[in-house]
Amino acid sequence: MTTVALTEAPPMRYPRLAQPWIALFLAIVAELGIALFVLGVVSVPLIAVWVGIPLLLVVVPTTRWFANCHRTMLAGFLGERIPRPYKQPPLPGMLMRIRTIMTDPQTWRDLIWLLVNAIFGFTLCLLSAVLFLAGLFYLVYPLLVGVTPEGVFTEPFGGLFTVNFGTSFLMMPVALLAFLIWQGAGERLLKANAFMARSLLGPTESAKLAMRVQELSESRAETVDTQAAELRRIERDLHDGAQARLAALSMNLGMAEEMVARDPAQAAALLTEARESASTALSELRDLVRGIHPPVLADRGLEGAVKALALTCPFKVDVTFDVPGRPAAPVESAAYFAVAECLANAVKYSAATNAWIQITHEEEKLHMIVGDDGVGGASIKPGGGLYGIERRLAAFDGTLTVVSPNAGPTTVIMELPCESSSLKTTPSSGTA
């Protein structure tokens with residue numbers, strides 16, 4: 001399955017000063033999970049008396065919403081998103097929905113997580129928040145002593161000394177110590193909680209395999225549909241274009257053959273028309289072939305084909321190509337058409353003055369970056385150009401990431417699996 005930038009881009013890391021407040025929030029809501037845990041456990045035996053059915057249909061979606069909120073928030077500490085491996089009912093109906101819920105391992109893993117999060121997640125998040133808040137408290141402690149009535153913050157401190165405005169500054173090292181401990185351990189505590197949550201909220205190996213099989217099945221079905229649509233397009237273009245012109249050409253030649261003896265001038269005109277029809281048919285056939293597999297791609301490889309694309313753009317396009325050889329033909333073709341569609345979108349919609357293409361090969365993958373300095377706001381919509389790229393790459397288990405804020409610029413990042421064993425020549429780069 002492809003990765004879509006607008007919703008599937010890597011999550012943003014939280015600013016350091018925002019983490020204590022997020023930790024405090026997570027610690028508070030962790031205790032709310034106890035109520036969901038109790039309701040979930042109670043609803044199962046009550047199914048026998050039918051009371052548990054409506055309770056289950058309310059508790060499970062609420063629990064999943066609660067878990068999904070944590071998946072989204074904790075992704076900022078992990079640097080990656082936590083998948084949502086819930087089974088979908090194969091058929092409509094309440095009984096089928098209940099059966100799917102009861103047989104879904106993630107339903108029970110969510111319940112376990114509610115309890116674990118209420119204990120360990122609460123402890124880890126609260127400790128991270130308390131370290132920061134303790135440092136903040138003792139940092140402003142002299143101010144609190146100075147502005148509050150005597151006796152509020154001026155009690156004896158551990159029998160060592162009586163706190164007053166003068167001695168309150170002795171607490172400053174405590175603030176420094178708390179901040180140092182929080183600096184070293186605060187984020188680690190939150191990451192530990194995130195890893196714990198991922199182990200229970202993320203998919204198991206069997207769930208990953210099932211999701212992968214489903215993704216491949218969907219990708220294969222879409223690929224078959226795309227190929228069928230492409231074949232219909234080729235047949236339609238041949239029937240309406242070159243075939244019709246060749247039929248007209250045959251008729252003109254036959255008429256010219258009949259008139260060559262009695263009306264040479266008319267025969268010459270028919271031959272001229274036939275020649276023009278043949279030239280037009282040849283041009284249409286060349287365009288059709290270009291849409292299937294451009295000759296420049298076959299002759300000069302991906303580098304030459306991409307540079308040729310860049311030269312046809314109305315603005316400057318910088319091309320950097322660093323691939324040690326030619327990828328396999330299907331991968332090369334998919335990469336070419338993906339880059340071509342990105343450039344076409346930039347020309348149509350971006351109002352850009354410059355663009356850039358970077359193609360490299362790393363970690364057994366072909367990495368392609370197409371960017372422009374245009375107005376941005378690109379989005380993936382069914383039937384759109386970026387959606388077509390997404391489906392084309394999905395057939396090769398590729399990924400698509402789009403970063404396009406409204407003010408621009410737009411950057412499209414694509415990856416295609418490409419084993420180095422299929423690469424044969426040396427890298428090069430240039431500017432078109």
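What counts and what doesn't
Residues numbered from 1 in each chain as written. Predicted model: local features only at pLDDT ≥ 70, side-chain atom pairs only at ≥ 80, totals over all residues. Heavy atoms only, no water. Helix = DSSP H or I, 4+ residues; strand = E, 2+ residues; numbered from the N terminus. Buried < 20%, exposed > 50% of the residue type's maximum accessible area, 1.4 Å probe, protein only. Axes fitted to C-alpha atoms, helices over the stretch in contact; angles between N-to-C directions. Parallel < 35°, antiparallel > 145°, perpendicular 65-115°, else oblique. Left-handed = near helix turned anticlockwise from the far one by under 90°. Nonpolar A, V, L, I, M, F, W, Y, C, P; charged D, E, K, R; others polar. UniProt positions renumbered as here; feature names shortened; annotations may be inferred. 1 Å grid on protein atoms, 1.4 Å probe; cavity = no way out; pocket = protein on both sides within 12 Å on 5 of 7 lines; lining within 4 Å. Points joined across faces, edges and corners; volume = space filled by probe spheres on them.

## A short note on the environment of Ala344
The residue Ala344 is located in helix 11 (residues 329-350) in this model. We classify Ala344 as partly exposed; its relative accessible area is 28%. As a C-alpha pair, Ala344 and Cys313 span 31 residues in sequence and 8.5 Å in three-dimensional space.

## Comments concerning the packing of helix 2 (residues 19-43) against helix 5 (residues 105-139)
Helix 5 packs onto helix 2 with a crossing angle of 160 degrees between their chain directions and a minimal axis gap of 7 Å. It follows from the interaxial angle that helix 2 and helix 5 lie roughly antiparallel. Here helix 2 runs over helix 5; the crossing is left-handed. Looking at the contact of helix 2 with helix 5 residue by residue, the classes come out as 20 nonpolar, 4 polar and 1 charged.

## Side note on the UniProt feature "transmembrane region" (unreviewed entry) in the protein
Under the UniProt annotation, the feature "transmembrane region" (unreviewed entry) is placed at residues 21-41, 47-67, 111-141 and 161-182. Across residues 111-141, the secondary structure splits into 97% helix and 0% strand, with the terminal C-alpha atoms separated by 42 Å.

## Considerations on empty space enclosed by the protein
Scanning the model with the defined rule gives 1 cavity of 30 Å³ or more in all. Approximately 110 Å³ is the volume attributed to the largest cavity. Together, 14 residues line the largest cavity, and Gly40, Leu56, Val60, Thr107 and Leu111 are the ones closest to its centre. Residue assignment for the lining of the largest cavity shows that the elements contributing at least two residues are helix 2, helix 3 (52-78), helix 4 (94-103) and helix 5. Residues that form the lining of the largest cavity fall into these classes: 8 nonpolar, 4 polar and 2 charged.

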